[in-house]
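What follows is each chain in one-letter form.
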Amino acid sequence: MRCHILTLFPGMVTPVLDESILKRAQAKGLLNVRVINIRDFTFDKHRSADDYPYGGGAGMVLKAEPVLKAVDFIKEEDEEDLRILLMSPQGKRYNQGMASELSREERRIVFICGHYEGIDERVKTYLSPEEVSIGDYVLTGGELAALVIIDSVVRLIPGVLGDSASVEDESFNQLLDYPHYTRPAQLREMDVPSILISGNHEVIRQWRRRQAVANTLIKRPDILEGAVLSDEDMNILKEIKEESEK
């Protein structure tokens, strides 16, 4: 994954990139991130990147020119096609499907992180970026949203995680995850389910699948509507529903 993050606050981004899976992915050459300060493309001595909105109103608006200049700079360095994502609460809702699709993206991805009341509309007009939202709420800026997307995409790239099964089995690939336990077997009068320490791998697999189906039904029934369920899953779902009706 190759990407640029355009931001007014690089300090919000670089510490996260220097930790955990993201740091290891970069060390392996599987993630290449360049953080670009939008203020480097301003023209006054105060490096002002925002101004009052035309027509009045509360808050400040991020200027278009520094953002466009930053994108021009990227294009001058590398003439290949860019995929530009604008972090915005008005955008398309981000999900695991998009994460999977971005993990296969061969183009360089540019994340534009807005701040203040909004961003000059001419950025959208000129660049025609994809507006992406990570949820129906408003953040102080797009940096955290960009990092969420990068983190969720990178872990899908082969070679980033040590065990590929971790990606295949986790939540949102089909169903929500099953409960996990580790040592000790007893903690504050709470015991690990005996099935998990039985040593019977097939029984454990069946238990985990049932838990995953039940977990999804209780917490996110909407996922079941679009999930491709096996015959085993359908039978489990039928049994759970029949038990709940008794």
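Look up a bit, the structure's there.
No experiment lies behind these values; they were computed from the predicted model shown.

Student: Can you walk me through the packing of aromatic side chains in this structure?
Tutor: Geometry of an aromatic ring pair is reported as the spacing of the ring centres plus the angle between the planes. In this structure the tally under the stated criterion is one aromatic pair. On the basis of an interplanar angle of 50° and a centroid distance of 5.5 Å, the ring pair of phenylalanine 41 and phenylalanine 73 is categorised as tilted. Of the two residues, phenylalanine 41 sits in the loop between strand E2 (32–37) and strand E3 (50–51) while phenylalanine 73 sits in helix H3 (residues 64–77), which places them 32 residues apart along the sequence. If you follow arginine 39 out to its NZ or CZ, it ends over the ring of phenylalanine 9, 5.8 Å from the centre.

Student: What is the right way to look at helix H10 (residues 231–245) in this model?
Tutor: Residues lying three or four places apart along an α-helix face the same way, a consequence of the helix completing one turn every 3.6 residues. With 15 residues, H10 should cover 21 Å at 1.5 Å per step; its first-to-last C-alpha distance of 21 Å lies within 8% of that length. The set of residues buried in H10 consists of Asp233, Ile236, Leu237 and Ile240. Across the axial projection of H10, the buried residues extend over an arc of 100°, all falling on one side. With respect to the buried face of H10, the exposed residues turned more than 90 degrees away are Asp231, Lys238 and Glu245. Summarising the contacts, the buried residues of H10 are in contact with helix H8 (201–219) and helix H9 (221–226).

Student: Whenever I open this one, the nonpolar core confuses me. Can you help?
Tutor: Side chains that are nonpolar tend, in soluble globular proteins, to be buried together. Judged by nonpolar contacts, the single largest core of 30 residues is most densely connected at Met1, Leu31, Phe111 and Ile150. Breaking this core down by element, the ones donating at least two residues are strand E1 (2–7), helix H2 (20–27), strand E5 (82–93), helix H4 (96–103), strand E6 (108–112) and helix H6 (143–154). The contact partners of phenylalanine 111, leaving out residues within four places of it in the chain, are Met1, Cys3, His4, Ile5, Leu6, Leu85, Met87, Ala146, Ile149 and Ile150. Core analysis: the next-biggest nonpolar cluster, separate from the first, contains 21 residues, Ile36, Ala49, Val67 and Leu86 among them.

Student: Would you mind showing me how to read the pairing of E1 here?
Tutor: The two faces of the sheet receive side chains in turn, since in a regular strand these alternate between them. By the criterion of burial, E1 is predominantly enclosed, with five of the six residues buried. As judged from the six bridges shared by E1 and E2, these two strands associate in the parallel manner. By the bridge assignment, leucine 6 is partnered in E2 with isoleucine 36. One ladder, built from four bridges, connects E1 with E6; its direction is parallel. Paired with isoleucine 5 across the two strands is phenylalanine 111, which belongs to E6.

What counts as what
Residue indices begin from 1 for each chain and proceed along its sequence in written order. This being a predicted model, a pLDDT of at least 70 is required before a residue's local features are given, and a value of 80 or more before pairs of side-chain atoms are given or counted; all residues contribute to the totals for chains, interfaces and linings. Side-chain figures throughout are based on the complete set of non-hydrogen atoms in the structure, without hydrogens or water. Put simply, two rings from Phe, Tyr or Trp (the six-membered ring, in Trp's case) pair if the centres are within 6.5 Å, and we call them stacked under 30 degrees between planes, edge-to-face over 60, tilted for the rest. Only runs of H or I of at least four residues qualify as helices and only runs of E of at least two qualify as strands under DSSP, and these elements are numbered from the N terminus. We call a charge positioned over a ring when the NZ of a Lys or the CZ of an Arg lies within 6 Å of the ring centre and within 35 degrees of the ring normal. To estimate how far a helix should reach, multiply one less than its number of residues by 1.5 Å. Each residue's exposure class comes from its accessible area (1.4 Å probe, protein chains only) as a fraction of the maximum for that residue type: buried when under 20%, exposed when over 50%, partly exposed otherwise. Directions are taken from the helix axis to each C-beta atom, and the arc is the one they span. Two residues qualify as a contact provided that any one of their heavy atoms is within 4.5 Å of a heavy atom in the partner residue. Residues belong to a common nonpolar core when they are buried Ala, Val, Leu, Ile, Met, Phe, Trp, Tyr or Cys residues joined through side-chain atoms within 4.5 Å. Paired strands are those between which DSSP finds at least two bridges.

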